[in-house]
Amino acid sequence: MAKIKGTVTVDVEKCKGCGVCVVACPTDVLALSKEVNGKGYPFAMQANPDACTGCANCAVVCPDSCLTVYRQRDPNA
Amino acid sequence: MSFQVEITPENKVYGKTPLLTDNVMHYCPGCSHGTIHKLVAEVIEEMGLQDKTIGVSPVGCSVFAYNYIHIDWIQAAHGRACAVATAAKRLTPEKMVFTYQGDGDLSAIGTAESIHACNRGENIVVIYVNNAIYGMTGGQMAPTTLLGMKTATSPAGREAAIHGYPYKIAEIVSMLDGVCYVTRQSVQSPAAARKAKKALRQAFENAMAGKGLSFVEMVSSCNSGWKQSPVDANKWMEENMFPFYKLGDIKVATEPKEA
């Protein structure tokens, strides 16, 4: 089990579903949703949240700054 | 044992800088402008220059840049951003003045103003976003359009005999003595974006130290103008733009210009 894990929150209404974060993720955490937001765009979501390392690559390339990345050490380790 | 990462401010590693406004950007999905705006805002925040920065926005897609970053802005006439920035910097030398221009603005209609501002060595930063097309008006051929590239006004591809050659204004201005730093970056990948941010920081530091003009070209994609998806456009840019517009530092002046 990984000692450090990350997670990503998405500002769903700001996301335009460009998918740049999906290809930037080295651990294939992100995917585009099947649903759409208020503007009709599919939005980024964590399809595989356990693999997230909190590297923030997705947020660095996000043109609309709608991703926020958190990272934490395992409190049980 | 599995655990859930807590969403707390202590655990936050990366998020939107407070210098960016809450407005949703009008750019198309995946447009490089958004990423470049973000990097500019982050560098200004890290340098603590929010109250001292004046941006000059161009005519083009990024004409509304003033809606997105919480600093002082001037919106210049088409192509004249460098001339306006010259005045802003000379009248308020303690300010950090930068222009943010596209290729249609800087290298087409604004060539004269841009080259002369470079030649005078104004202590400003020029951020030049080159997507090889006129994005705002619907994807017409720009001076920077690659040979063979199809656009709305060159449907058979750009041909040198008819349309001339694409030109590299970064290389042109690097020959001028007033320019202290010329670099070409891109923001399509995390590594490239981090490098571009370092280049922007270097440029802003040069401007504050009075070393002369810093010219930062950002090779960027225009997925709607190129009629591709954002991810494909980034890939197309890597395969076709980068061999012609080579990334990296073009000029780094070690000595400050003579007074």
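The structure under discussion appears in the preceding block.
Computed from a predicted structure; not experimentally measured.

K.L.:
Please explain the overall build of chain B as it appears in this structure.
P.N.:
Helix and strand counts for chain B stand at eight helices and eight strands. Relative to the globule expectation of 18 Å for 259 residues, the C-alpha radius of gyration of chain B, 18 Å, shows essentially globular dimensions. C-alpha extents for chain B along the principal axes are approximately 65 × 55 × 30 Å. With 259 residues in all, chain B has 55% of them scored as buried. In chain B, 67% of the contacts between residues at least 6 apart in sequence involve partners at least 24 apart.

K.L.:
How do you make sense of the pattern of salt bridges when you look at a structure like this?
P.N.:
Two side chains that carry opposite charge are able to pair once their charged atoms sit near each other. Applying the stated criterion to the full structure yields twelve salt bridges over all chains. A salt bridge links Asp50(A) to Lys5(A), with the nearest nitrogen and oxygen atoms 3.6 Å apart. Taken as a pair, Asp50(A) in the loop between strand E3 (42-46) and helix H2 (57-61) and Lys5(A) in strand E1 (residues 4-10) lie far apart in primary sequence, 45 residues in all. For Asp50(A), a relative accessible area of 52% puts it in the exposed group. In this structure, Arg201(B) engages Glu46(B) in a salt bridge whose closest nitrogen and oxygen atoms are separated by 3.8 Å. Of the two residues, Arg201(B) is situated in helix H7 (residues 190-209) and Glu46(B) in helix H1 (residues 32-47); the sequence distance between them amounts to 155 residues. Residue classification places Arg201(B) among the partly exposed residues on the basis of a relative accessible area of 29%. The exposure class of Glu46(B) is partly exposed, given its relative accessible area of 44%. Residues participating in the shared-partner salt-bridge network are Glu42(B), Glu46(B), Lys197(B), Arg201(B) and Glu205(B).

K.L.:
I keep staring at the sheet that holds strand E7 (residues 213-219) of chain B and nothing clicks. Help me out?
P.N.:
Pairing between the strands of a sheet comes from backbone hydrogen bonds, and it takes one of two forms, parallel or antiparallel. Residues and elements named next belong to chain B. Taken in spatial order, the seven strands make up an open sheet running E3-E2-E4-E5-E7-E6-E8, and their pairing is mixed. Looking along the sheet, the strands with just one partner apiece sit at the ends: strand E3 (72-75) and strand E8 (248-252). In this sheet, adjacent strand axes meet at a mean angle of 15 degrees when their direction is disregarded. Bridge count between strand E4 (residues 96-102) and strand E5 (residues 125-130): five bridges; the pairing is parallel. Within E5, the position partnered with Gln101 by the bridge is Tyr128.

K.L.:
Looking at this structure, how should I read the sheet that holds strand E4 (residues 67-73) of chain A?
P.N.:
Pairing is antiparallel across the open sheet formed by three strands, whose spatial order is E1(A)-E4(A)-E1(B). Single-partner strands in this sheet number two, and they are E1 of chain A together with strand E1 (12-14) of chain B. The sheet shows a mean angle of 35 degrees between the axes of neighbouring strands, direction not considered. Bridge analysis of E1(A) against E4(A) gives seven bridges, and the strand direction is antiparallel. Directly across from Val10(A), in E4(A), lies its bridge partner Leu67(A).

K.L.:
Which parts of the structure should I look at to understand the nonpolar core?
P.N.:
Within soluble globular proteins, side chains that are nonpolar tend to cluster in buried spots. All names here are of chain B. Core analysis: the largest hydrophobic core is formed by 53 residues, its most contacted members being Val40, Phe98, Ile127 and Phe204. A total of seven residues in this core trace back to one element, the largest contributor, which is H7. Leaving out residues up to four positions away in the same chain, Val40 has contacts with Ile69, Phe98, Ile127, Leu200 and Phe204. Counting residues in hydrophobic clusters, the runner-up holds 22 residues, among them Ala85, Cys118, Ile124 and Leu213.

Scoring rules and cut-offs
Residues numbered from 1 in each chain as written. Chains lettered and ligands numbered in written order. Predicted model: local features only at pLDDT ≥ 70, side-chain atom pairs only at ≥ 80, totals over all residues. Heavy atoms only, no water. Helix = DSSP H or I, 4+ residues; strand = E, 2+ residues; numbered from the N terminus. Rg over C-alpha atoms; globule rule 2.2 N^0.38 Å. Buried < 20%, exposed > 50% of the residue type's maximum accessible area, 1.4 Å probe, protein only. Contact = heavy atoms within 4.5 Å. Salt bridge = Lys/Arg side-chain N within 4 Å of Asp/Glu carboxyl O. Pairing = 2+ DSSP bridges. Axes fitted to C-alpha atoms, helices over the stretch in contact; angles between N-to-C directions. Core = buried A, V, L, I, M, F, W, Y, C linked by side-chain atoms within 4.5 Å.

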